[in-house]
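In case you want the letters, here they are:
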Amino acid sequence: MVTVLDNPECVVGQRIAGHTIVRWLGADSCCAWYEAKEDAGTQRTLYLYQSADTRDRNLLRVHNYRTSADGTLQIDNQSVTVFVAIGDYRITMSLALKSHLTSPSTWPQDVPGFEIIDYLGSGFKGVTFKVRRRGGPRTAYAMKLTIAEEYAGSSYVPEADRMADLAQKDRDHFPQVHAYGDYTIAINQAQHPLVYFVEDFIPGVTLDKYLAQHATAINAGFIERFVREMLASLAVMEQCDLMHDDLHAGNIIICESLTGSRPCLIDFGSAKRRGNTKKPREDIRNLATHIATIANALSLRRAARSAYEDRIITACESLLAVMSDDDPLRRPDSAKELLKRFEDHYPQESFTQQLTHPFDFGNAEEVMDNTLLHKLAAKSFPWRDKIESSANLLVIGPRGCGKTTVFRSMSFRCLADAGHITDALARSYIGLYISCNKEFRQRFSALDQSALVTRHDDVRHYFNLLVLREFCGAMICCEKQGLLAAGDTKALLNFVAETTAIPWDAPEDYAGALVGIEGEITR
């Protein structure tokens with residue numbers, strides 16, 4: 001079957017879904033994307049897929065997604081149905097120019113004062129090289145060549161000045177800029193204006209590559225350093241009244257040295273004065289995603305975690321509950337405030353929280369210390385008998401009335417952590433608590449509703465896994481109190497093996513098996 005991926009350039013000039021395709025921008029294994037124009041002249045980006053299912057599964061990759069459509073294009077003299085996702089236009093370096101710049105035989109040779117010694121990587125708008133000065137010390141620098149269209153109608157000098165201000169305040173996390181200027185390259189008699197920036201070379205790899213390469217080696221110390229140093233870096237940007245505004249995992253370099261691994265921020269082309277962003281996620285929420293990804297990497301390890309690792313994961317979950325709050329009036333926008341919260345409330349020695357005034361916590365999700373939560377929860381309320389019955393019940397009340405606190409306080413894990421496991425075992429039910437906000441709203445709110453409808457089986461499966469994981473957590477509480485026999489653990493592991501597709505090779509003595517299976521469920 002002929003697809004748009006077989007000959008992506010042949011559809012340039014054709015019309016589909018009220019748009020004229022202007023230029024091919026790129027492709028991967030499932031999609032080709034193009035610059036296009038509406039009849040009114042507005043630029044858009046069109047993403048063409050060969051099936052509706054593939055398109056719906058990839059809507060989060062669409063830049064500022066707007067809508068979807070189906071249509072027909074002529075591909076190699078055949079009418080082919082394609083499935084379209086439409087997003088805002090994104091300035092992108094042409095494939096011909098990127099190919100020319102990244103090929104060693106056609107590397108730029110006449111950038112003023114510098115020679116290229118290695119290719120480092122590329123993005124949507126530019127290419128980065130490792131360079132050194134001609135005739136000077138062999139100090140390595142990083143040079144970014146980006147399309148001049150990025151700065152149409154403005155100057156690139158403010159970007160360099162912003163980098164200089166940040167590096168002056170914090171050289172550990174912000175590279176210093178050393179040179180910049182205009183550069184033009186000719187390809188087949190066509191002139192391509194570029195802008196170059198030369199800055200500190202940071203030895204290391206991007207955060208996404210680091211996590212892929214070191215997933216099994218991530219430890220609690222790395223997470224704690226990452227959280228503290230990233231929040232400190234964003235606090236420095238706040239001092240300069242700046243926001244990065246493009247803080248994805250490819251713009252964070254993990255610099256490795258004898259003193260440990262530390263994050264460094266790069267690519268300040270989108271940086272601007274603090275304020276509202278047009279991006280789907282601002283700096284704080286992007287950082288929340290990275291913290292969650294790293295914490296998950298530690299959670300997925302089969303080996304039993306140390307008490308320190310458990311404290312760090314709990315501290316990260318508590319911090320994420322604040323950083324990812326849907327309510328902008330309750331969600332802190334200050335990295336300095338978040339860093340102070342992390343340092344004040346989650347010391348390394350032990351995990352305890354204290355209530356100093358009634359408004360210490362904006363919502364119950366921030367109270368990660370189950371002992372404190374149990375003390376705060378109401379012990380008597382009119383509808384308790386209905387909750388403890390076997391009937392389904394919907395409890396409705398205004399925000400802040402204590403619904404979450406009550407339900408969490410009745411869960412087996414909360415009772416066990418608060419020293420009331422005997423009470424938990426004496427009840428006629430096992431209370432399992434699943435947070436709608438943390439486990440569903442924060443994870444799925446960015447998805448288009450049509451994607452959720454088409455993947456309803458996956459969402460149902462995800463919910464079942466949450467229930468199973470929470471039940472494993474309840475059994476771990478019993479195991480810590482010495483209330484489980486080997487047969488109990490074996491029965492759960494057999495149930496998991498028989499009813500799910502989770503791969504699990506149970507150890508002979510079952511020591512640490514529950515923590516291991518909890519990690520596999522999370523994976």
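Note that the structure is predicted; figures quoted are calculated from it, not measured.

A.B. asks: Account for the sheet that holds strand 4 (residues 43-49), with residues named and values stated.
C.D. replies: Across the sheet, which stays open at both edges, the 6 strands sit in the order 1-2-3-4-6-5 with antiparallel pairing between neighbours. Two strands close off the open sheet at either side, each with one partner strand: strand 1 (15-16) and strand 5 (65-75). Both strand 5 and strand 6 (residues 78-88) contribute to a ladder of 10 bridges, which runs antiparallel. Pairing of Asp70 across the sheet is with Phe83, part of strand 6.

A.B. asks: Account for the pairing of strand 8 (residues 126-133), naming residues and giving values.
C.D. replies: Where strand 7 (residues 114-122) lies against strand 8, 7 bridges are found, and the strand directions are antiparallel. Bridging from a neighbouring strand, Glu115 pairs with Arg132 of strand 8. Turn length for the strand 7-strand 8 hairpin, with the two strands adjacent in sequence and antiparallel, is 3 residues. In this structure, strand 8 lies alongside strand 9 (residues 141-147), joined through 6 bridges in antiparallel fashion. Its bridge partner being in strand 9, Val131 is matched across the sheet by Tyr141.

A.B. asks: Run through unusual backbone geometry, naming residues and quoting values.
C.D. replies: Within the chain, Asp241 stands out as a residue other than glycine whose phi angle is a positive 55 degrees. Examined against the element boundaries, Asp241 turns out to sit in the loop between helix 5 (220-239) and strand 13 (242-243). Taking the relative accessible area as the measure of exposure, Asp241 reaches 38% and is therefore partly exposed. One non-glycine residue, Asp267, adopts positive backbone phi at about 60 degrees. Summarising the element assignment, Asp267 is placed in the loop between strand 15 (260-265) and strand 16 (272-273). We classify Asp267 as partly exposed; its relative accessible area is 29%.

A.B. asks: Tell me about the state of the cysteines, residues and numbers included.
C.D. replies: Following the criterion strictly, the structure yields 0 disulfides and no others. Sulfur of Cys10: no disulfide; nearest cysteine sulfur belongs to Cys31 and is 15 Å away. Among the residues examined, Cys10 registers a relative accessible area of 24% and is labelled partly exposed. Cys264 supplies the cysteine sulfur nearest to Cys240, a cysteine that is in no disulfide, at a spacing of 16 Å.

A.B. asks: Would you mind going over a nonpolar patch on the surface in detail, with residue names and values included?
C.D. replies: Taken together, the side chains of Ile430, Leu432 and Phe471 present a nonpolar region at the surface, about 230 Å² in accessible area. Tracing the chain through its elements places Ile430 in the loop between helix 13 (421-426) and helix 14 (436-444).

A.B. asks: How would you sum up helix 5? Please name residues and give values.
C.D. replies: For helix 5, spanning 20 residues, the distance from its first C-alpha to its last is 29 Å, which sits close to the expected 28 Å at 1.5 Å a residue. Within helix 5, 15 of the 20 residues are buried, which leaves the element mostly enclosed by the surrounding structure. With a side-chain oxygen lying 3.2 Å from the backbone nitrogen of Gly221, the N-terminal cap of helix 5 falls on Asn219. Note on helix 5: the residue one or two positions beyond its end, Asp241, has a positive phi of about 55 degrees.

A.B. asks: Report on the pattern of salt bridges, specifying residues and quantitative values.
C.D. replies: Per the stated rule, a full pass over the model turns up 24 salt bridges. A salt bridge links Asp267 to Lys144; the shortest N-O distance between them is 3.3 Å. Residue Asp267 is located in the loop between strand 15 and strand 16, and its partner Lys144 is located in strand 9; the two are separated by 123 residues in the primary sequence. Between Asp200 and Arg171 there is a salt bridge whose closest N-O contact spans 3.1 Å. Of this pair, Asp200 sits in strand 11 (residues 190-200) while Arg171 sits in the loop between helix 3 (157-169) and strand 10 (177-187); the two residues are 29 residues apart in sequence, bridging distant segments of the chain. Take Asp200: its relative accessible area is 18%, and that puts it in the buried class. The structure contains a network of salt bridges with shared partners spanning Glu38, Arg44, Arg66 and Asp88.

A.B. asks: Explain helix 16 (residues 456-480) to me, and be specific about the residues and the numbers.
C.D. replies: For helix 16, built from 25 residues, the straight-helix expectation of 36 Å at 1.5 Å per residue is met to within 8% by its first-to-last C-alpha distance of 36 Å. Regarding helix 16, the residues found buried are Leu465, Leu466, Leu468, Glu470, Cys472, Gly473, Ala474, Met475, Ile476, Cys477 and Cys478.

A.B. asks: Before we move on, can you summarise the packing of helix 5 against helix 6 (residues 283-299) with the specific residues and values?
C.D. replies: Relative orientation of the contacting elements helix 5 and helix 6 amounts to 175 degrees, with a least axis distance of 10 Å. Looking at the two axes, helix 5 sits roughly antiparallel to helix 6. Contacts from Ala220, Phe222, Ile223, Phe226, Val227, Met230, Leu231 and Leu234 of helix 5 reach helix 6 at Asp283, Ile284, Leu287, His290, Ile291, Ile294, Ala295 and Leu298. For the contact of helix 5 with helix 6, the per-class residue count stands at 14 nonpolar, 1 polar and 1 charged.

Here is what the cut-offs are and how they apply
- Residues numbered from 1 in each chain as written.
- Predicted model: local features only at pLDDT ≥ 70, side-chain atom pairs only at ≥ 80, totals over all residues.
- Heavy atoms only, no water.
- Pairing = 2+ DSSP bridges.
- Helix = DSSP H or I, 4+ residues; strand = E, 2+ residues; numbered from the N terminus.
- Buried < 20%, exposed > 50% of the residue type's maximum accessible area, 1.4 Å probe, protein only.
- Disulfide = S-S within 2.5 Å.
- Patch = residues over 30% accessible without salt bridge, like charges linked within 9 Å, V, L, I, M, F, W, Y side chains within 5 Å.
- Areas by Shrake-Rupley, 256 points an atom, 1.4 Å probe, with all protein chains shown as cover.
- Salt bridge = Lys/Arg side-chain N within 4 Å of Asp/Glu carboxyl O.
- Expected span 1.5 Å × (residues − 1).
- Polar contact = N/O pair within 3.5 Å; in protein donor to acceptor, adjacent residues only side chain to side chain.
- Axes fitted to C-alpha atoms, helices over the stretch in contact; angles between N-to-C directions.
- Parallel < 35°, antiparallel > 145°, perpendicular 65-115°, else oblique.
- Contact = heavy atoms within 4.5 Å.
- Nonpolar A, V, L, I, M, F, W, Y, C, P; charged D, E, K, R; others polar.

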